[in-house]
Amino acid sequence: MIHLGIKSLMLHKLRSFLTMLGIIFGVCSVIAMLAIGEGASHEAQEAIKKLGPNNVIVRSIKPAGDPSSGGARRSFVADYGITRLDAERIKASIPGLSRLLPMRLIRDEVRFGTIKFPCQVVATLPYYTDITGTRIVHGRFLTPTDDFYRQNVCVLTAALASSLFPYQNPLDEHVKVGDGYYKVVGLVEERGTEDKRPQSGMTSGQPLDSNIYIPLGTAASRWGDTTVKRGAGSFEAEKVELHQVTLQFKDTDAVEAAVAPLNSLLSRFHKDKDYEFIVPIELLRQAERTKRIFNFVLGSIAAISLLVGGIGIMNIMLATVTERTREIGIRRALGAKKKDIVTQFLVETLVLSIGGGLIGVAFGVGVPFLVERFSDMKTIVTFWSVAIAFGISAAVGIVFGLYPARRAANLDPIDALRHT
Amino acid sequence: MSGKAIVRIKGITKIYDLGEVKVKALAGVDLEIQPGSYVAIMGASGSGKSTMLNILGCLDRPTQGQYFLGGLDVAHMPDDELSNARGKQIGFVFQSYNLIEQLTVIENIHIPLFYQGKSLEDHYDHCLKLAHLVGLGDRIEHRPKQLSGGQQQRVAIARSLANEPLMILADEPTGNLDSHTGQEILDLFDRLNAKGTTIIMVTHGEETASRAQRVIRMHDGKIASDTINPGRSSIAAN
Ligand SMILES: Nc1ncnc2c1ncn2[C@@H]1O[C@H](COP(=O)(O)OP(=O)(O)O)[C@@H](O)[C@H]1O
Ligand SMILES: [Mg+2]
């Protein structure tokens, strides 16, 4: 039966191929587009998940229109951001909070001997690694003792360590940051380093993989709250008590319940909006919503392209039926029932649509593969996108093949035989 | 005699309703055909020969009247059963051969079997034997386009025999052929009839009709004369 259908289609190779092309493009574009979309949203979601679905990140930001604000006029020091008092208030009044991780982030340079590198000093508490999922590669992370005694110890990111210490073991060496020397006690690797997304700190500037971690207490005694940044001919000072506070909640429900109280709490004590919230779970939900819309749009485009392909098939099959009216008459005279004729033409349509579908699947899987090979876009070909695209192509064959096939079968055998 | 007739027709009419005019293609025909006979149907163009043959071949239903084909009441059969009757009981040979161009000779011969659910693999020998019977045993893989008109008509004849039907219906089978090739086809019919195949053939040529046992002449949808051909055996011997 299928063999017979192929034989009839081979009678007009070019025409059959061109007819299939509509389905091939339709199926291919559905799978490829969904794969690229899936890849992009997967990357975004992974990045958001790294921030921790149970966390809320509060960051200090320089308020807009700063020069007119009171803090800046008093001196040349920009005074803004979250305070230690804010952190205490949050701890005291926000329900469902399990831990609060304060952080100071200072951009500076780190030196070892003659080698120096720009870096970001992250002054924080020992459980930083827990909350951010940072991995200890060598030695240890900061301890409560380090913090309590304001020890001059530091932990380096592995990448920074290998730049500073190309030839020797960095452990127990002393590096210089600002005016002070710090003993290296461990090396870590940030979870987010592979995709270079700012994850736990600054929005721009320092790459994530050149951090130097010191105890919060040590930073307070070394720097105070005011840091000075010297640029080429410029001089900038800012007073920020905490650059970032990561709030860890029991669960995502607690996160959602806490957003509104957090807002009202902070807005009560901050005249200017000098802080911002990052709520990963909300970002994640938003990413999922975006993805749903994206899939819906893609689905619509795909449906339209397959519809067009289907109409193309129907058009050709109607022409074929007219062209082969006589053949239909002959077959009817030789004993073919109506349903035999329906089957024959339906099989031909299905060979076109399923054949096109199969080729489309091959291209649809191949194109994302090439995209991933020759660009840094990530693609994910999902099983269901292949299944749906292929299923629709088969359905298109049946839906658009049935009418021409029935028309063929309902021809009067004598009229059909007389047809020239 | 009438008990074993393969065709029994009583008072058949066929009226084509064309809106304003009604064309009476058959105006009351009675006919019986015995197995093994060779019948020629003659008559002027428009006299109803093809209509008659179409009804005999179960391609068309009469407007009125009865038709029994090998004991089956064909006049009131549903479409699927008519298809079955055509496939099993009747072999068609057309003026314009009517082979299917995308199929090979042997596949064309196999079509009637295909619609009886018989595969070519299982009935290859049978089909091959038929190809040999019509002298095309060495052409079974050819396509119709690669054959001459006479050869195509032989394939059509082989095809008409595939299901071992009660009778072969041939509507001007030599109409598209030159006289020499036409004679060869008629010789083939003679041989088939000699082996017992029932043949009903529409023809224009008196000489062609003279090969038949029985000649039916039609006029305005009626049988004008129905005669037994006396000189038939002598021509068949040629
Ligand atoms: N499908 C049809 N519709 C209308 N009239 C028809 C049809 N088929 C045949 N006729 C008419 O019926 C009559 C007999 O036709 P036909 O049997 O084909 O004659 P023949 O084969 O003897 O030339 C003619 O008058 C013809 O015009
Ligand atoms: Mg005629």
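Calculation notes
Residues numbered from 1 in each chain as written. Chains lettered and ligands numbered in written order. Predicted model: local features only at pLDDT ≥ 70, side-chain atom pairs only at ≥ 80, totals over all residues. Heavy atoms only, no water. Domains from an automatic or database assignment. Near = heavy atom within 4 Å. Polar contact = N/O pair within 3.5 Å; in protein donor to acceptor, adjacent residues only side chain to side chain. Areas by Shrake-Rupley, 256 points an atom, 1.4 Å probe, with all protein chains shown as cover. Helix = DSSP H or I, 4+ residues; strand = E, 2+ residues; numbered from the N terminus. Buried < 20%, exposed > 50% of the residue type's maximum accessible area, 1.4 Å probe, protein only. Core = buried A, V, L, I, M, F, W, Y, C linked by side-chain atoms within 4.5 Å. Salt bridge = Lys/Arg side-chain N within 4 Å of Asp/Glu carboxyl O. Expected span 1.5 Å × (residues − 1). Bend = angle between axes of the 7 residues up to and from the residue. Contact = heavy atoms within 4.5 Å. Pairing = 2+ DSSP bridges. Axes fitted to C-alpha atoms, helices over the stretch in contact; angles between N-to-C directions. Buried area = accessible area lost by both parts, 1.4 Å probe. Parallel < 35°, antiparallel > 145°, perpendicular 65-115°, else oblique. Left-handed = near helix turned anticlockwise from the far one by under 90°.

1. Examining the domain arrangement of chain A
Many structure descriptions define interface size as the accessible area lost when the parts assemble. Segmentation of chain A into domains returns domain 1 (2-46 + 286-418) and domain 2 (62-273). Of note, the centres of domain 1 of chain A and domain 2 of chain A, computed from C-alpha atoms alone, are 57 Å apart.

2. Some words on the site of ligand 1
Inspection of the region around ligand 1 gives 13 residues, with B:Gly46, B:Gly48, B:Lys49, B:Ser50 and B:Thr51 positioned closest. Site remark: ligand 1 is flanked by residues from chains A and B. With respect to ligand 1, the backbone of B:Gly46 contributes an N or O atom lying 2.7 Å from an oxygen atom. Take B:Thr51: an N or O atom from its side chain is 2.5 Å from an oxygen atom of ligand 1. In the complex, 69% of the free accessible area of ligand 1, which totals 550 Å², lies under the protein chains. Residue assignment for the shell around ligand 1 shows that the elements contributing at least two residues are strand E1 (7-18), strand E2 (21-33) and helix H1 (49-56) of chain B.

3. Topic: unusual backbone geometry
Residues and elements named next belong to chain B. Although it is not a glycine, Glu172 sits at a positive phi angle of roughly 45 degrees. Overall, the relative accessible area of 19% leaves Glu172 in the buried class. Despite not being glycine, Asp220 has its phi angle at roughly 50 degrees, a positive value. Its location among the elements puts Asp220 in the loop between strand E9 (214-219) and strand E10 (222-228).

4. Comments concerning the nonpolar core
Taken as a class, soluble globular proteins show a tendency for nonpolar side chains to be buried jointly. By size, the foremost hydrophobic cluster in this structure holds 69 residues, and its most contacted members are B:Val7, B:Ile9, B:Met52, B:Leu56, B:Tyr67, B:Met167 and B:Ile200. If you look at the next biggest cluster of nonpolar residues, it comprises 37 residues, including B:Leu147, B:Ile168, B:Leu192 and B:Met201.

5. Points about the pattern of salt bridges
Opposite charge on two side chains lets them pair, provided their charged atoms get close. Residue and element names in this part refer to chain A. Under the criterion given, the structure shown has 25 salt bridges over all chains. With a shortest N-O distance of 4.0 Å, Lys116 and Glu109 are connected by a salt bridge. The partly exposed category is assigned to Lys116, whose relative accessible area is 43%. Several salt bridges converge on common partners, so that one network encompasses Arg324, Glu327, Arg331 and Glu348.

6. Re helix H9 (residues 252-269) of chain A
Residue and element names in this part refer to chain A. Between its first and last C-alpha atoms H9 spans 26 Å; for 18 residues at 1.5 Å apiece the expected length is 26 Å, and the two agree. Maximal helix bending in H9 amounts to about 35 degrees, located at Ala258; proline Pro261 follows within four positions. For H9, the set of buried residues is Ala254, Val255, Ala258, Val259, Leu262, Leu265 and Leu266. Residues of H9 that are buried in the fold lie against strand E1 (55-60), helix H4 (84-93), strand E12 (244-249), strand E13 (275-278) and helix H10 (280-323). One side-chain oxygen of the residue at the start of H9 lies 3.3 Å from the amide nitrogen of Asp253, identifying that residue as Asp251.

7. Overview of the sheet that holds strand E7 (residues 167-171) of chain B
Residue and element names in this part refer to chain B. One open sheet holds the six strands; their spatial order is E6-E7-E8-E3-E9-E10, and the pairing between them is mixed. What marks the edges here is a single partner per strand, and that holds for strand E6 (90-93) and E10. For this sheet, the mean inter-axis angle between neighbouring strands, taken without regard to orientation, is 20 degrees. Bridge analysis of E6 against E7 gives four bridges, and the strand direction is parallel. If you follow Phe92 over to E7, its bridge partner there is Leu169. On the sheet, helix H5 (residues 149-161) packs against E6 and E7 and is oriented at approximately 170 degrees with respect to E6.

8. Regarding the interface of chain A and chain B
Each partner contributes to the interface: chain A provides 23 residues, whereas chain B provides 25 residues. Carbon and sulfur atoms supply 58% of the area buried between chain A and chain B, which totals about 2,200 Å² over both sides. With a closest N to O distance of 3.0 Å, A:Arg332 and B:Asp79 form a salt bridge. Viewed at the interface, chain B and chain A are joined by 10 residue pairs in polar contact (both at pLDDT 80 or more). Listing elements by their share of the side of chain A that touches chain B, those giving two or more residues are helix H1 (2-10), helix H11 (325-333), helix H12 (338-374) and helix H14 (413-418) of chain A. Broken down by element, the residue count for the side of chain A that touches chain B peaks at six residues, all from H11(A).

9. Some thoughts on helix H8 (residues 216-223) of chain A
Inspection of H8(A) places A:Leu216, A:Gly217, A:Thr218, A:Ala219 and A:Trp223 among the buried residues, and these make up the whole buried set. At the C-terminal side of H8(A), A:Gly224 shows a positive phi close to 70 degrees.

10. Observations concerning the pairing of strand E3 (residues 38-43) of chain B
Residues and elements named next belong to chain B. Most of E3 sits inside the fold, with five of its six residues counted as buried. Taken together, the four bridges between E3 and strand E8 (residues 198-202) define a ladder with parallel strand orientation. Each bridged residue has a counterpart across the sheet, and for Ile41 the counterpart in E8 is Val202.

11. Quick notes on the environment of B:Asn229
Residue and element names in this part refer to chain B. Position of Asn229 relative to the elements: it lies in the loop between E10 and helix H8 (232-236). Using a relative accessible area of 18% as the deciding quantity, one classes Asn229 as buried. Along the chain, Asn229 and Ile111 lie 118 residues apart, while their C-alpha atoms are 35 Å from each other. Apart from residues no more than four positions distant in its own chain, Asn229 is found in contact with Ala209, Ser210, Arg211, Ala212, Gln213, Arg214 and Val215. Within the structure, Asn229 has its side chain in polar contact with the backbone oxygen of Ala209 (distance 3.4 Å). Polar side-chain contacts of Asn229 include one of 3.1 Å to the backbone oxygen of Ser210.

12. Topic: the packing of H5(B) against helix H6 (residues 179-194) of chain B
Residue and element names in this part refer to chain B. Put simply, H5 and H6 touch, their axes get as near as 10 Å, and they point 20 degrees apart. By the angle between their axes, H5 is roughly parallel relative to H6. For the pair H5 and H6, the crossing hand works out as right-handed. Across the interface between the two elements, Gly150, Gln153, Arg154, Ile157 and Leu161 of H5 pack against Thr181, Glu184, Ile185, Leu188, Phe189 and Leu192 of H6.

13. Points about the side chain of A:Thr218
For A:Thr218, the position within the fold is in helix H8. In terms of polar contacts, A:Thr218 uses its side chain to reach the backbone carbonyl oxygen of A:Gln151, at 2.8 Å.

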